[in-house]
Structures are given as C-alpha cells and as structure tokens.
Amino acid sequence: DVKVTQSSRYLVKRTGEKVFLECVQDMDHENMFWYRQDPGLGLRLIYFSYDVKMKEKGDIPEGYSVSREKKERFSLILESASTNQTSMYLCASSSGPTGRNTIYFGEGSWLTVV
Amino acid sequence: AQSVTQLGSHVSVSEGALVLLRCNYSSSVPPYLFWYVQYPNQGLQLLLKYTTGATLVKGINGFEAEFKKSETSFHLTKPSAHMSDAAEYFCAVSKANQAGTALIFGKGTTLSVSS
C-alpha cells in the first residue's frame, strides 16, 4: 500500500514561530502536494512539486514556503506563523501526469496558532 | 482556469435512500474528474475517477458517477445509502494528462445518513 506519512498530527504553535510540517511518501512518487483544508472552503493548493528541488505555487502560497531536497520528502514551512494559518494541512503524492494517476493523501496535520 | 462547483454543502438522506451529490466543472481542456471521500479525522480516499472512455464510472463502496460533457457535470450517486457512508465528499478536476499539474477541489459536501 502507498503510504503518505505526515510526522505530526496535532501541533500548537505561538504567533511568530517558524513551523515545519514534514511529509514522507514511500512509493517513489515524482509529484508531491500541500493542501490546506478549512470548513466551507474545501481544499486549497498551497504548493506542489513535480521533481526534487522543483516547486510551483498553488492558489494560496502567501506566508508559506516549501522544501524538497529528497524525492520522498516534502516540507511545508510557515516562516512566521499567524493565527489565520490555524488549519488542517494535507500532504499528498502521485506519480506521472497528475490526471491519469491517483493522488494519495496523508492523514493530515492539525495546526493551531495561538 | 479550471474550477469545480459542488451544489449543496450538506445533504441528508435516510438509510436505504438514493444518494445524489452534485458536481459541475469548468475546464477549457478535456478534464479528468475525481470524487474523494473523507471520514472524520482522516485524509482523503479516492472513490472513483474519470479519465477517458466509458462515461459511467464505478467506484468503491457502491458509488458511481457519470461524466456528462454537455452538462459539464460529474454527479455522484449510490442507490442505497448506508450509515457508514456518512462523510465529507469532494469533487476534483485536473488538466488531462499533463505533468506538473495539481487537482482543483470543490468545497465539499457533507453527507448525513439517518436511520
């Protein structure tokens, strides 16, 4: 089975802290994604990467950055956390052209910024 | 730009009743379409997808969806609801067969099933 693992399920951070959300996949997938999920807004794409060291902005990249130094790992970074970044963050991965192949999701990381 | 609209943020049915969750898409290129389900405190799981070929797509847990290009729709149905179907459902669209693209999701529909 494909496994996408998000290292932290629940985090509480203070405003202004630098926050790292880590994601690892074990299927040698080229593509990795970070989405943010909020009630009534669905999933919104923050960043995605289709190769090591490559990244593309999604719909809501402001206040976030990403790092992909190794194929299996994709990190989301909040440079200076703010309360409006309190949310559920979902990591996902897939192989090949996105449309044809299934995207697999991790279980999510609940981030609360106080 | 591609987009997805899910009609109805909340749908309630009785156990054994028909489930119908509506999704309309907008795409300037041939789309690939997906339905995902999310159970409480979990990530998303693929229910079914349409890429090419047969427009009626069958998925897991008895769900199916029909791609109707003329109506730009991809509605999800199940003939008989079970209590275990209670979850949030997301419709998504992507650009067909292009590397380096991502899924665009709708806002989700919460399905409640009563006994």
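Residues numbered from 1 in each chain as written. Chains lettered and ligands numbered in written order. Predicted model: local features only at pLDDT ≥ 70, side-chain atom pairs only at ≥ 80, totals over all residues. Heavy atoms only, no water.

Residues and elements named next belong to chain B. In spatial order, the strands read 1-3-8-7-6; together these five strands make up an open sheet with antiparallel pairing. The open sheet has two free edges, formed respectively by strand 1 (3–7) and strand 6 (56–58), since each of these has just one partner strand. For this sheet, the mean angle separating the axes of adjacent strands, direction not counted, is 20°. Here strand 6 pairs with strand 7 (residues 64–68) via three bridges, running antiparallel. When the bridges of strand 7 are listed, Lys-58 appears paired with Glu-64. (Pairing = 2+ DSSP bridges. Helix = DSSP H or I, 4+ residues; strand = E, 2+ residues; numbered from the N terminus. Axes fitted to C-alpha atoms, helices over the stretch in contact; angles between N-to-C directions.)

Where the parts come together, the accessible area they lose is often given as the size of the interface. Contact with chain A, which involves 26 residues of that partner, is made by 26 residues of chain B. Summing the contributions of chain A and of chain B, the shared interface buries around 2000 Å²; its carbon and sulfur component is 53%. Where chain A packs against chain B, one counts zero salt bridges. In this structure, the connection of chain A to chain B is made through five residue pairs in polar contact (both at pLDDT 80 or more). Contributions of two or more residues to the side of chain A that touches chain B are made by strand 5 (31–38), strand 6 (42–49) and strand 10 (87–94) of chain A. (Contact = heavy atoms within 4.5 Å. Buried area = accessible area lost by both parts, 1.4 Å probe. Salt bridge = Lys/Arg side-chain N within 4 Å of Asp/Glu carboxyl O. Polar contact = N/O pair within 3.5 Å; in protein donor to acceptor, adjacent residues only side chain to side chain.)

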